[in-house]
Amino acid sequence: MGSVSNQEFPGVCKTEEDEGPSTEEDSPFFHGVGVCKWFNVRMGFGFLSMTHRDAVPLDEPVDVFVHQSKLHMEGFRSLKEGEAVEFTFKKSSKGLESQRVTGPGGIHCVGSERRPKGKKVQKRRSKGDRCYNCGGLDHHAKECKLPPQPKRCHFCQSIDHMVASCPIKAQQSSPASQGKPSPLKVEEGEHSQSAPPPPPEASD
């Protein structure tokens, strides 16, 4: 098979091949004026409603995508619905995307009063997590403010043994010993305590 030439594909010219395919970074930037159409504070994105493009009023408002990372403001970045904005934007494969969003005249954006309802602290630890150093439930060992403590059984907190040899855990986990001790062990204990010592052997 021979090599494919430009003549077989009229839409491709040599200049485009030499320069390479155009990327989104090569797209020109435009200036827009409008208001925030809506913004999701939890997801961090929304859409602007552009009313002027390069100082020319539009017949109908045009939607422009906005991400919180493009907002010119301090602290938690968001937009309030209906907030007046100025912005630069460009065309991409997904549509029109804002590149820098400010308030009128380049001031900081006002932002929304809403904040996402996060539960990160609750999700960070499960109910069974505790500090391995002191046994506390409100922190982990790396955050413990106490000096290194003696190792304890994770089940009963005793310093006499580890969890692998915990008698209380073994007693509770054994189905025969739930509630009462094993009768076999009690009988053996009673026999060992009440059995008289063997009589001494008589010497001739």
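The name that an unreviewed UniProt entry assigns to the chain is Protein lin-28 homolog A, with the source organism given as Nothobranchius furzeri. Its UniProt record gives the chain a comment under Sequence similarities (unreviewed entry), which states: "Belongs to the lin-28 family."

K.L.:
Break down the overall build of the chain for me, citing the residues and quoting the values.
P.N.:
Across its full length, the chain carries four helices and five strands. Of all 204 residues assigned to the chain, the portion counted as buried reaches 22%. Of the roughly 15900 Å² of accessible surface on the chain, a fraction of 55% belongs to carbon and sulfur atoms.

K.L.:
How would you explain the environment of asparagine 40 if you had to name every residue and give the values?
P.N.:
Among the secondary structure elements, asparagine 40 is positioned in strand 1 (residues 30–40). Accessibility expressed as a relative area gives 27% for asparagine 40, which makes it partly exposed. Sequence separation between asparagine 40 and serine 112 is 72 residues, and the spatial gap between their C-alpha atoms is 9.7 Å. A polar side-chain atom of asparagine 40 sits 3.0 Å from the main-chain amide nitrogen of methionine 43.

K.L.:
Outline the confidence of the model for the chain, listing residues and values.
P.N.:
Taken as a whole, the chain shows an average pLDDT of 75; of its residues, 65% reach a score of 70 or greater. Taken together, the stretch residues 1–22 has pLDDT below 50 and engages in nine contacts with residues farther than four places along the chain or on a different chain. Residue range residues 182–194 is modelled with pLDDT below 50. Its contacts to residues more than four positions away, or to other chains, number one contact.

K.L.:
Give me the lowdown on the side chain of glutamate 83, citing residues and values where you can.
P.N.:
Structurally, glutamate 83 can be placed in the loop between strand 3 (56–67) and strand 4 (84–92). Those residues in contact with glutamate 83, other than ones at most four positions away along the chain, are Gly34, Val35, Cys36, Cys109, Val110 and Gly111.

K.L.:
Describe the pairing of strand 4, listing the residues and the values that go with them.
P.N.:
Direction of pairing for strand 1 relative to strand 4: antiparallel, over a ladder of six bridges. Of the residues in strand 4, the one forming a bridge with valine 33 is glutamate 86. Note that strand 4 and strand 5 (residues 95–102) share seven bridges and pair antiparallel. Note that in strand 5 the partner of phenylalanine 87 across the bridge is valine 101. Between the end of strand 4 and the start of strand 5, which pair antiparallel, lie two residues.

K.L.:
Any chance you could break down the pattern of salt bridges for me, citing the residues and the numbers?
P.N.:
Applying the stated criterion to the full structure yields two salt bridges. Taking the shortest distance from any N to any O, the salt bridge between lysine 37 and aspartate 63 comes out at 3.0 Å. Taken together, the residues lysine 37 in strand 1 and aspartate 63 in strand 3 connect sequence positions 26 residues apart. A relative accessible area of 40% places lysine 37 in the partly exposed class. Note that glutamate 113 and lysine 80 form a salt bridge whose closest N and O atoms lie 3.3 Å from each other. Separated by 33 residues along the polypeptide, glutamate 113 in the loop between strand 5 and helix 2 (120–124) and lysine 80 in the loop between strand 3 and strand 4 bring together distant segments of the chain. Judged by relative accessible area, which is 60%, glutamate 113 ranks as exposed. Owing to a relative accessible area of 37%, lysine 80 belongs among the partly exposed residues under this scheme.

Cut-offs used in this document
- Residues numbered from 1 in each chain as written.
- Predicted model: local features only at pLDDT ≥ 70, side-chain atom pairs only at ≥ 80, totals over all residues.
- Heavy atoms only, no water.
- UniProt positions renumbered as here; feature names shortened; annotations may be inferred.
- Helix = DSSP H or I, 4+ residues; strand = E, 2+ residues; numbered from the N terminus.
- Buried < 20%, exposed > 50% of the residue type's maximum accessible area, 1.4 Å probe, protein only.
- Areas by Shrake-Rupley, 256 points an atom, 1.4 Å probe, with all protein chains shown as cover.
- Polar contact = N/O pair within 3.5 Å; in protein donor to acceptor, adjacent residues only side chain to side chain.
- pLDDT = per-residue confidence, 0-100.
- Contact = heavy atoms within 4.5 Å.
- Pairing = 2+ DSSP bridges.
- Salt bridge = Lys/Arg side-chain N within 4 Å of Asp/Glu carboxyl O.

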